[in-house]
Number of protein chains: 4
Amino acid sequence: MIVVLKPGTPEQKRDQLVSWIEGQGLEVHMSVGKTQTLLGMVGDTSCIDKDLLECLDIVDTVKVVTDPFKLGNRKFHPADSIIDVSGVKFGGDNFPVIAGPCSVESEEQIVAIAKAVKASGARMLRGGAFKPRTSPYDFQGLKADGLELLRIARKETGLPIVSEVMGVEDLPLFEDIDMIQIGARNMQNFNLLKAVGRLNKPVLLKRGLASTLKEFLMSAEYIMAGGNTNVILCERGIRTFGDYMRNTLDLAAIPMLHKLTHLPVIVDPSHATGIAELVRPMALASAACSADGLIIEVHNDPMHAKCDGAQSLTPEAFDDLIKDVMTIRSVAVRK
Amino acid sequence: MIVVLKPGTPEQKRDQLVSWIEGQGLEVHMSVGKTQTLLGMVGDTSCIDKDLLECLDIVDTVKVVTDPFKLGNRKFHPADSIIDVSGVKFGGDNFPVIAGPCSVESEEQIVAIAKAVKASGARMLRGGAFKPRTSPYDFQGLKADGLELLRIARKETGLPIVSEVMGVEDLPLFEDIDMIQIGARNMQNFNLLKAVGRLNKPVLLKRGLASTLKEFLMSAEYIMAGGNTNVILCERGIRTFGDYMRNTLDLAAIPMLHKLTHLPVIVDPSHATGIAELVRPMALASAACSADGLIIEVHNDPMHAKCDGAQSLTPEAFDDLIKDVMTIRSVAVRK
Amino acid sequence: MIVVLKPGTPEQKRDQLVSWIEGQGLEVHMSVGKTQTLLGMVGDTSCIDKDLLECLDIVDTVKVVTDPFKLGNRKFHPADSIIDVSGVKFGGDNFPVIAGPCSVESEEQIVAIAKAVKASGARMLRGGAFKPRTSPYDFQGLKADGLELLRIARKETGLPIVSEVMGVEDLPLFEDIDMIQIGARNMQNFNLLKAVGRLNKPVLLKRGLASTLKEFLMSAEYIMAGGNTNVILCERGIRTFGDYMRNTLDLAAIPMLHKLTHLPVIVDPSHATGIAELVRPMALASAACSADGLIIEVHNDPMHAKCDGAQSLTPEAFDDLIKDVMTIRSVAVRK
Amino acid sequence: MIVVLKPGTPEQKRDQLVSWIEGQGLEVHMSVGKTQTLLGMVGDTSCIDKDLLECLDIVDTVKVVTDPFKLGNRKFHPADSIIDVSGVKFGGDNFPVIAGPCSVESEEQIVAIAKAVKASGARMLRGGAFKPRTSPYDFQGLKADGLELLRIARKETGLPIVSEVMGVEDLPLFEDIDMIQIGARNMQNFNLLKAVGRLNKPVLLKRGLASTLKEFLMSAEYIMAGGNTNVILCERGIRTFGDYMRNTLDLAAIPMLHKLTHLPVIVDPSHATGIAELVRPMALASAACSADGLIIEVHNDPMHAKCDGAQSLTPEAFDDLIKDVMTIRSVAVRK
């Protein structure tokens, strides 16, 4: 952390500040220039409130120079993390695709979709049992029954399953679910992050609608700080002023996250755009810019899907897509 | 809901769509123009997926014409709601100010601040016991002990208390807290919204960082749909591209929310800006644009506050502010 | 345009409004439902102020159902437009790459770069002569001398050239420049749009930092309405709350623009991210999601570039990139 | 500017960088800590490309510690600037209100409105002659004829006039207009900024839709660097994800700009919200948070205004507003 003092700061006031910082257990390096004086703090600056320092009379600005995320930071862990989800590997040279319906609706539906996406090459099955909906009047998911139907589909196909949890109190129902999803709206539900941090189970963490990359990585840090380092990040679009699409898919975040962290990063092109015909181009683009996998909504009858039918691919469109995704991945793979 | 068909849609396809809509229990009014055909749906359209209709070959666009919020909608409840929090009234002609520290730190601290803000005219005491922090390494609050200290301060001063809850599992600790705060990051924690909707206790709902007014009102609707209509809304800044301030305080949302809903709306100028010297002008501006109250951070020793000291007023600055706020309120009051 | 009346609107007031609308030369279709009355207007509604109608006492909301862009609208011109820039074709099955330095600095520099990028497969040369800079104290470009150096590089290599114009008064200098670029900050400089609309010369129109797709298309419409239909759109990143990158590249805008318009759409991955090592992944992603071309910054000595060196590729990195771009393009091409 | 080196940077590489920086004419202060080495640069760092330094292998981050704006910076000019516009003073203790129609439409209209707003206390008259419109098919203003009508209204009432210029080529028409307005879309039309910087005439500079405060101040700097220091800033709303209003009025920018610059800052509540009934509360709020004036749209017949009727006040509503504005200003005035 670096403190820039205002021009003309009296030496006495400057020395009082230096003493106060040293009193917090930090070393101070002073650079006195012609127009500016800088105080560089060395040591653990996490106890220092940057904003508060900036409010002092003699302080012009305060600059933070260390990343607040540690466990997820590639600087301290240069190699890609490989996360194993019941045999399916994420990270490194792997590129698994997760597919399935937005909501689990019936045994017939989920088993049929699971078989179809497996045949096309999907490695995991997704399906919502607890559904976060903006309106209390919308379908909220089959809940425990939905999870049970996912287990049946897993048994029929062998595909590991991932489903979203919406609160700490529902976690016991997820004991044998292969991967737990934390949705975008819960990315900063810190109680939930801490609770899954105590589990020994992979977590798919979706980026919040308005979260910076730093906040995204700090939420992963919450889980890892609890002892659970099996975190997979998922970019799914951010909120902007855009007019024609639900969200703005931030694909440049993929290579940037690869610089910042060793955790795998996958993309959800279905929620990002909300429009089925944009799923294909954005899935291809994700593979082209070094994503570590995809999670895609597939429904065998989009017209009658209980939610988000508009963004679901048919099994045929999914089958057509996955081949091209794999070809592009092989051309673009991070060197 | 209105469906605009593409030019040149064959009559047969159009009639199929009309039949399908009528099959969902809705009445259809058709307007056939020279270049456009419109289908107006009358009835409960909540079962219709707008996005899905837009994906149909023959559909150009779909327009939603009814508000999705019902219980909070001023159209169906024209008079201002008055929410009583242990004798302190919000809404209508009232203008209560809530004040207190970001975090409860000690008995001495919270009691001293409570006495000071009461003397200046504050009607309720705020204080964080459970603290949502971006980093797992930051101070997380005194938790149950913090709530206990708030109770002591209430006993000493008679001020009702409000504190933030971060998860359903912590709710039992809040049984005798006068008002429960749902923080910005939990505005769409639907499990938590449903849980407080089952209580008979006022809820202070803060606007999410990236939430539209419609989403904000839908989150209030979650609480009200559970039977608890004692909801107070709080504008506290949204996330934009801004450079010098933490958030962008959206003050025009206050009169706009008054148009849309009968619920009281207060403003938090402290979190909105993150800078103590901006609290005064933004508090005055809030009073000028018809807010129903304020929630302001006050700390007796901002330099040593455990969090957010930079945005806290001293008791002296608060005392100075509150008089001018009341004068401005009296000039500006909604006519 | 559809007007939704408030519940309980008196018939007399409703009929007055209908008469007023008919007085503007429009046909009105009325749908009277149990709770809502809709007025559908048929005809040229461009004379009607939507916002004003919404302010009437009896009006609940007004919905616009036609696109405001006509000449660029794919509905009225289903086939891709092919724009010919001195023999280089954009649109349809073509995928030209434009490359060159941010700023033209010297004859030696621009000729060397032009030869290098041509050898790698670039089809056009870019180079800034007039530079829009946030600060008046930054390098503003070589201006007319820079254009002259571009002409020399064109003569040496045969590559057509594109360069940015910053105002109507500079247009005479661009007479023999093959394509004129309108930069992001001038996307709504309507005087400039009208002026290039009167030319018979291709225009590269960059998307404004905060412009919606509708506004982007309306700016293209300004140029086309003047008679110049040779417009190529360029996505180059939008402004969001993002922390690590200069802008957020909105790649989903590419397939969405293809739905809305017949004009070609290319991508500038250099300005979008501001970071050289992100240019490769985002160029590949652009090719994967059906962009019609790329414009990429290449500099032979990024450390000493006069501006934007940080986002420039070396000729070697560009050479390495362009092969993979073409492979991906061939896999992903719109079917 | 401060360079933070990566941990483990070899001394040789570090010294090469130090030599390179010194070669640019800067002094370097090195702080070697246990885990971090900082290089503080002292001198004129405007020649250094921050982004480029950040791309070097050995550099972790680069922090800029000086403001890029000089002439507008309050640090170097602590007293408020007072700008005199034909006798009307902006800045310091003054609070002039500018009022008038969005567009000048006829002599009768502009004279009637001018007389009405003068009677209510307005000190200047606004009126658009050149209109920036998103669509080329919308009314574009009366142009030179509109300016002539403004001159007539000035003669009739004595009110100085302000009108928007859209390009350098139109400036000669503005010779005797009292203040020139640069609209939000032209805030970074650098040619236009330079041109008005060469005039000896007050400029009303509106904040761009997506401009940060730093960019806003840098655009003012362009004008001032040309020799024209008569710049008045105008906050008029920024673009966000908001749903019910046209823009988000960023009122906290007012006190923040007062910290950063000595230039006067006024507010345009009409364009910020786009809704007449929000103009009153936002005008009051502007006065409450230390704005230096207001610019408000007033039309004597909003239903038939050629543009933006929806956001215009009637003369009666304006008269009612202005008294309360002045009362609030007197309570809230910066101490």
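Structure's up top.
Residues numbered from 1 in each chain as written. Chains lettered and ligands numbered in written order. Predicted model: local features only at pLDDT ≥ 70, side-chain atom pairs only at ≥ 80, totals over all residues. Heavy atoms only, no water.

Participant: I tried to follow the overall build of chain A on my own but got confused; where do I start?
Facilitator: Helix and strand content of chain A: ten helices and 14 strands. Based on the C-alpha atoms only, the size of chain A along its principal axes is roughly 75 × 45 × 40 Å. For chain A, buried positions account for 66% of its 335 residues. Put simply, chain A shows about 11,300 Å² of open surface, and 50% of that area lies on carbon and sulfur atoms. Measuring between centres, the 37 positive side-chain charges of chain A sit 2 Å from its 42 negative side-chain charges. (Helix = DSSP H or I, 4+ residues; strand = E, 2+ residues; numbered from the N terminus. Buried < 20%, exposed > 50% of the residue type's maximum accessible area, 1.4 Å probe, protein only. Areas by Shrake-Rupley, 256 points an atom, 1.4 Å probe, with all protein chains shown as cover. Lys, Arg positive; Asp, Glu negative; His and termini not counted. Charge placed at Lys NZ, Arg CZ, Asp CG, Glu CD.)

Participant: In this structure, what is going on with unusual backbone geometry? I would like to understand it.
Facilitator: Most peptide bonds take the trans configuration, and most residues that are not glycine carry a negative phi. Although it is not a glycine, A:Ser86 sits at a positive phi angle of roughly 50°. Inspection of the secondary structure assignment puts A:Ser86 in the loop between strand 5 (83-85) and strand 6 (88-90).

Participant: Is there a simple way to explain the relation of the copies chain D and chain A in this structure?
Facilitator: The two chain copies are connected by a rotation around an axis plus a translation along it. Mapping chain D onto chain A calls for a rotation angle of 180° and an axial translation of 0.0 Å; the resulting RMSD is 0.1 Å. Such a combination of turn and shift is consistent with a two-fold rotation axis. Among all residues of chain D, the minimum C-alpha distance to the rotation axis is found for D:Phe241, at 2.2 Å. Mapped onto chain A, 100% of the interface residues of chain D are again interface residues, and the two copies thus contact each other with one and the same surface. (Least-squares fit on C-alpha atoms with pLDDT ≥ 70 in both. Contact = heavy atoms within 4.5 Å.)

Participant: Even after reading the chapter, I still don't get the packing of aromatic side chains, so can you show me in this structure?
Facilitator: Aromatic rings in a pair are described by how distant their centres are and how their planes are angled relative to each other. Residues and elements named next belong to chain D. If you walk through the whole model with that rule in mind, you get eight aromatic pairs over all chains. When the centroid spacing of 5.8 Å and the interplanar angle of 35° are considered together, the rings of Phe130 and Phe174 count as tilted. On the criterion of sequence distance, the pair formed by Phe130 in the loop between strand 8 (124-126) and helix 4 (144-157) and Phe174 in the loop between strand 9 (161-164) and strand 10 (179-182) is long-range, its members being 44 residues apart. Since its relative accessible area comes to 6%, Phe130 is described here as buried. What makes Phe174 buried here is its relative accessible area of 0%. Ring centres of Phe190 and Tyr222 lie 4.6 Å apart, and the angle between their planes is 25°; on these two criteria the pair is classed as stacked. On the criterion of sequence distance, the pair formed by Phe190 in helix 5 (residues 190-197) and Tyr222 in helix 6 (residues 213-225) is long-range, its members being 32 residues apart. Considered together, Phe190 and Tyr222 belong to a single accessibility category, that of buried residues. (Phe/Tyr/Trp six-rings, centres within 6.5 Å; stacked < 30°, edge-to-face > 60°.)

Participant: Just checking my understanding: could you explain the pattern of salt bridges for this structure?
Facilitator: If you walk through the whole model with that rule in mind, you get 83 salt bridges over all chains. In this structure, the salt-bridge partner of D:Glu235 is D:Arg207, at a minimum N-O distance of 2.9 Å. With a gap of 28 residues between them, D:Glu235 in strand 12 (residues 231-235) and D:Arg207 in the loop between strand 11 (203-206) and helix 6 connect regions that are remote in the sequence. We note that D:Glu235, like D:Arg207, is buried. Beyond isolated ion pairs, a larger network of salt bridges with shared partners links A:Glu148, A:Arg151, A:Arg154, A:Asp176 and A:Asp178. (Salt bridge = Lys/Arg side-chain N within 4 Å of Asp/Glu carboxyl O.)

Participant: How should the interface of chain D and chain A be read in this particular structure?
Facilitator: When the parts come together, some accessible area is lost, and that loss is often what is quoted as the size of the interface. Counting residues at the interface gives 22 residues for chain D, matched by 22 residues for chain A. Contact between chain D and chain A buries roughly 1,800 Å² in total, counting both sides, with carbon and sulfur atoms accounting for 61%. Among the salt bridges present, the one from A:Lys75 reaches D:Asp60, with a minimum N-O distance of 2.6 Å. Scanning the region where chain D abuts chain A turns up two residue pairs in polar contact (both at pLDDT 80 or more). Only strand 1 (2-5), strand 2 (27-32), strand 3 (37-42) and strand 4 (59-63) of chain D provide two or more residues apiece to the side of chain D that touches chain A. (Buried area = accessible area lost by both parts, 1.4 Å probe. Polar contact = N/O pair within 3.5 Å; in protein donor to acceptor, adjacent residues only side chain to side chain.)

Participant: Looking at this structure, how should I read the pairing of strand 7 (residues 97-100) of chain D?
Facilitator: Within a regular beta strand, the side chains point alternately toward one face of the sheet and then the other, so they alternate between its two faces. Residue and element names in this part refer to chain D. Here strand 7 shows no split at all, with Val97 and Ala99 on one side and Ile98 and Gly100 on the other all buried. Bridge analysis of strand 7 against strand 8 gives two bridges, and the strand direction is parallel. Looking at strand 8, one finds that Ala99 is bridged to Leu125. This β-α-β element, strand 7 to helix 3 (residues 107-120) to strand 8, shows right-handed connectivity. (Pairing = 2+ DSSP bridges. Right-handed = clockwise from strand over helix to strand, strands pointing away.)

Participant: Whenever I open this one, the interface of chain C and chain A confuses me. Can you help?
Facilitator: On the side of chain A, 44 residues touch chain C, which itself brings 44 residues to the contact. Counting the surface lost from both chain C and chain A, the interface buries some 3,400 Å², and carbon and sulfur atoms represent 72% of this. For chain C, the biggest contributors to the area lost against chain A are C:Phe241, C:Tyr244 and C:Val331; these three give 19% of the whole. Where chain C packs against chain A, one counts two salt bridges.

Participant: Looking at this structure, how should I read the relation of the copies chain C and chain A?
Facilitator: Note on the copies: chain C fits chain A at an RMSD of 0.0 Å, the axial shift is 0.0 Å, and the rotation between them is 180°. Both copies present the same face, since 100% of the interface residues in chain C are matched by interface residues at the equivalent positions in chain A.

Participant: In this structure, what is going on with the state of the cysteines? I would like to understand it.
Facilitator: In a disulfide, the sulfur atoms of two cysteines are covalently bonded to one another. Enumeration according to the criterion identifies zero disulfides over all chains in this entry. Free of any disulfide, D:Cys289 has its nearest cysteine sulfur in B:Cys289, 9.4 Å distant. (Disulfide = S-S within 2.5 Å.)

Participant: I keep staring at the environment of A:Glu215 and nothing clicks. Help me out?
Facilitator: Along the polypeptide, A:Glu215 turns up in helix 6 (residues 213-225). Here the alpha-carbon distance between A:Glu215 and A:Gln188, two residues 27 residues apart in the chain, equals 8.5 Å. Excluding residues that lie within four positions of it along the chain, A:Glu215 makes contacts with A:Met187, A:Gln188, A:Ala210, B:Thr134 and B:Arg239.

Participant: Can you help me understand the sheet that holds strand 1 (residues 2-5) of chain C in this one?
Facilitator: Within a sheet, neighbouring strands are paired by backbone hydrogen bonds and run either parallel or antiparallel to one another. All names here are of chain C. Spatially, 2-3-1-4 is the arrangement adopted by the four strands of the open sheet, whose pairing is antiparallel. This sheet does not close on itself; its edge strands, each paired only once, are strand 2 (27-32) and strand 4 (59-63). Neighbour to neighbour, the strand axes of the sheet diverge by 20° on average, direction disregarded. In this sheet, strand 4 lies alongside strand 1 in antiparallel orientation, the contact comprising four bridges. By the bridge assignment, Val3 is partnered in strand 4 with Val62. On top of the sheet, helix 1 (residues 11-23) reaches strand 1, strand 2, strand 3 (37-42) and strand 4; it is set at about 155° to strand 2, its chief contact. (Axes fitted to C-alpha atoms, helices over the stretch in contact; angles between N-to-C directions.)

Participant: Explain the packing of helix 6 of chain A against helix 7 (residues 253-260) of chain A to me, please; I cannot follow it from the model alone.
Facilitator: All names here are of chain A. Two elements in contact, helix 6 and helix 7, have axes whose closest approach is 11 Å; the angle formed by their N-to-C orientations is 55°. With respect to helix 7, the axis of helix 6 lies oblique. At the point where helix 6 passes helix 7, the crossing takes the right-handed sense. Contacts between helix 6 and helix 7 involve Leu213, Phe216 and Leu217 from the first element and Ala253, Met256, Leu257 and Leu260 from the second. (Parallel < 35°, antiparallel > 145°, perpendicular 65-115°, else oblique. Left-handed = near helix turned anticlockwise from the far one by under 90°.)

Participant: Teacher, can you tell me more about the environment of B:Pro7 here?
Facilitator: Structurally, B:Pro7 can be placed in the loop between strand 1 (2-5) and helix 1 (11-23). Separated by 280 residues in sequence, B:Pro7 and B:Ala287 place their C-alpha atoms 51 Å apart.

Participant: What's the story with helix 4 (residues 144-157) of chain B in this structure? I'm lost.
Facilitator: Residues three or four positions apart in an α-helix share a direction because the helix packs 3.6 residues into each turn. Residues and elements named next belong to chain B. Taking 1.5 Å of rise per residue, 14 residues should cover 20 Å, and helix 4 covers 20 Å from first to last C-alpha, within 8% of that figure. Listed in full, the buried residues belonging to helix 4 are Gly146, Leu147, Leu149, Leu150, Arg151, Ala153, Arg154 and Thr157. Those residues of helix 4 hidden inside the fold are in contact with helix 3 (107-120), strand 8 (124-126) and strand 9 (161-165). The positive-phi residue at the C-terminal boundary of helix 4 is Gly158, with phi of around 80°. (Expected span 1.5 Å × (residues − 1).)

Participant: Please clarify how the sheet that holds strand 2 of chain D should be interpreted in this entry.
Facilitator: Residues and elements named next belong to chain D. The sheet built from four strands is open, its strands ordered 2-3-1-4 with antiparallel pairing. At either margin of the open sheet sits one strand with a lone partner, and together these are strand 2 and strand 4. For this sheet the average axis-to-axis angle between neighbouring strands, irrespective of direction, equals 20°. Of the strands in this sheet, strand 1, strand 2, strand 3 and strand 4 are in contact with helix 1 (residues 11-23), which crosses strand 2 at around 155°.

Participant: I keep staring at the environment of D:Gly309 and nothing clicks. Help me out?
Facilitator: Along the polypeptide, D:Gly309 turns up in the loop between strand 14 (294-297) and helix 10 (315-332). Distance in space between the C-alpha atoms of D:Gly309 and D:Glu54 is 50 Å, their sequence separation being 255 residues. Filtering out sequence-adjacent residues up to four positions away, D:Gly309 remains in contact with C:Asp49, C:Leu52 and D:Pro302.

Participant: Just checking my understanding: could you explain the packing of helix 9 (residues 276-288) of chain B against helix 7 (residues 253-260) of chain D for this structure?
Facilitator: The geometry of a pair of packed helices is captured by two quantities: the angle between their axes and the separation between those axes. Helix 7 of chain D packs onto helix 9 of chain B with a crossing angle of 135° between their chain directions and a minimal axis gap of 9 Å. Here helix 9 of chain B lies oblique to helix 7 of chain D, going by the angle between them. Along this stretch, helix 9 of chain B crosses helix 7 of chain D, giving a crossing that reads as right-handed. In this structure, helix 9 of chain B uses B:Glu277, B:Leu278, B:Pro281 and B:Met282 to contact helix 7 of chain D, whose residues at the interface are D:Pro255, D:Met256 and D:Lys259. Considered class by class, the residues forming the contact of helix 9 of chain B with helix 7 of chain D number five nonpolar, no polar and two charged. (Nonpolar A, V, L, I, M, F, W, Y, C, P; charged D, E, K, R; others polar.)

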